[in-house]
Amino acid sequence: MMAFKVVIAALLAAAGPSHGFAIPPRHVVAPGSMHHATDLPSASPLSPFIATSAGIGTSTSALRMASDDEGGGILTKLALAGVLVVFLLTSLLPFLSQMQADNGPANLSGAVATRDAPDAYKNYESSFDRLSRAKIQEKLSRVPAFYLVNKVTGRMAPEIYASYEDAVDAAKAGDGFVVKATTLNQVMYTLVLKRGRMLMPPPPSEIAKAEEALRGDDGAPLADGENYILIPSAQARKSAAEVGLKLDANDLPLFVADRLAFASSGGAQVPLFFEKEDAIVSYQRLQQQSGSKLPAEPKIRATSLLDELNSMEKGTRPGVKQLEFYAAADDLMRADALMGN
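Scope of this entry: the structure provided in the associated data block. (Residues numbered from 1 in each chain as written. Predicted model: local features only at pLDDT ≥ 70, side-chain atom pairs only at ≥ 80, totals over all residues. Heavy atoms only, no water.)

## Focus on the packing of aromatic side chains
For any pair of aromatic rings, the description consists of the separation of the ring centres together with the inter-plane angle of the planes. Evaluated as defined, the whole model comprises 5 aromatic pairs. Between Phe-262 and Tyr-326 the ring centres are 5.4 Å apart and the planes differ by 70°, which places this aromatic pair in the edge-to-face class. Placement of Phe-262 in strand S8 (residues 260–262) and of Tyr-326 in strand S11 (residues 323–326) is noted, with a sequence separation of 64 residues between them. Take Phe-262 and Tyr-326: they sit in the same class, and that class is buried. Pairing Phe-273 with Tyr-326 gives two aromatic rings, centres 5.6 Å apart and planes at 45°, and the pair type is tilted. Of this pair, Phe-273 sits in strand S9 (residues 270–273) while Tyr-326 sits in strand S11, placing them 53 residues apart in sequence. As far as burial versus exposure is concerned, Phe-273 and Tyr-326 are alike and both buried. Grouping aromatic residues by their ring pairs yields a cluster made of Phe-262, Phe-273 and Tyr-326. For the cation-ring pair, Lys-321 lies above Phe-128, with the distance from its terminal atom to the ring centre recorded as 4.3 Å. (Phe/Tyr/Trp six-rings, centres within 6.5 Å; stacked < 30°, edge-to-face > 60°. Helix = DSSP H or I, 4+ residues; strand = E, 2+ residues; numbered from the N terminus. Buried < 20%, exposed > 50% of the residue type's maximum accessible area, 1.4 Å probe, protein only. Lys NZ or Arg CZ within 6 Å of the ring centre and 35° of its normal.)

## Here's the deal with empty space enclosed by the protein
A complete count under the given rule lists 2 cavities of 30 Å³ or more for this structure. In this structure, the largest cavity encloses a volume near 140 Å³. Around the largest cavity, the lining is made up of 18 residues, and of these Val-143, Pro-144, Ala-162, Leu-252 and Phe-274 lie nearest the centre. Contributing elements (two or more residues each) for the lining of the largest cavity: strand S3 (144–150) and strand S4 (156–161). Among the residues making up the lining of the largest cavity, the classes are represented as 15 nonpolar, 1 polar and 2 charged. (1 Å grid on protein atoms, 1.4 Å probe; cavity = no way out; pocket = protein on both sides within 12 Å on 5 of 7 lines; lining within 4 Å. Points joined across faces, edges and corners; volume = space filled by probe spheres on them. Nonpolar A, V, L, I, M, F, W, Y, C, P; charged D, E, K, R; others polar.)

## Structural notes on the pattern of salt bridges
Scanning the model with the defined rule gives 11 salt bridges in all. Between Glu-206 and Lys-180 there is a salt bridge whose closest N-O contact spans 3.7 Å. Within this pair, whereas Glu-206 is found in helix H6 (residues 205–213), its partner Lys-180 is found in strand S5 (residues 177–183), the two being separated by 26 residues in sequence. With respect to class, Glu-206 is no different from Lys-180; both count as buried. Arg-334 serves as the salt-bridge partner of Asp-330, at 3.7 Å between the closest nitrogen and oxygen. You can see Asp-330 and its partner Arg-334 sitting in helix H10 (residues 329–340), 4 residues apart, about one turn around the helix. Taking relative accessible area as the criterion, Asp-330 reaches 38% and is therefore assigned partly exposed. A single salt-bridge network, built from bridges that share partners, covers Glu-138, Lys-139, Arg-142 and Glu-324. (Salt bridge = Lys/Arg side-chain N within 4 Å of Asp/Glu carboxyl O.)

## Description of H10
Given a rise of 1.5 Å per residue, 12 residues ought to cover 16 Å, and the 17 Å separating the end C-alpha atoms of H10 matches this to within 8%. Residues Ala-329, Asp-331, Leu-332, Met-333, Ala-335, Asp-336 and Met-339 constitute the buried set of H10. (Expected span 1.5 Å × (residues − 1).)

Spelled out as structure tokens, the structure:
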């Protein structure tokens, strides 16, 4: 297993171009006339999601937590191994294709709920585009999250980090803390949004205890319960400021490159990157390798995790089902190591 991880880690820096295609120039179409992603041509089963040297996508096998106290187990290890195998395959067997304007995916460029949305989307809501909580949780289960646990009390600290390095720095600055990893679905609705737990794999013991502490003996939420907050990476905060995105205190920025989509067996996927640099690198590979007439530099737009979750819950954008979250490669690898211990 260790040798396998060493091989994969070595390939991360030398990964080939991603599986992707260009979306025709962004334009607004009346919501009633939208073509949905089901109209798109299917893609190779070898590329359910995309990995790049700067950012790694995940396979259709979600990162899952096992039921043991340390937060890892055979299901977690197998799922994460599947993620890394898909990365290897997509790196060594790349394909790129330029989609033509008459193939129908233009609406996907409007699937992201950015705050500069065209007027046509201001009041748009559709039950067809709405995602169930289970579907949203599935998307979140592909994103690593890091938190601190007190070595003496076993209590979880309220900060939840998107970046492993930031979590390590916080642990060093504190007294007697250790960094642990989970997946975003285990903490987003349960701790951050305090909406309770739905049917899904059990969380690590410290997260389970944190959930219990948020509710009284009668099961009702406590008014003075701990507030758990999301902490973006330092670089992501800087990138958000550069594009003028104002974040709430408990939110994460996301970045999208216009006209960039990834191929998958379920149709085109619009990547939402947790790091701006990953969006730029993925676009540049497509621009350089596809022979397309894409502009040399991408147009990067920003949104936030809370905005996108709200959009998914309410169906405020056509094609919102085709959005996927993409964490940084290093954070995914670190989570693999921590959850496997």
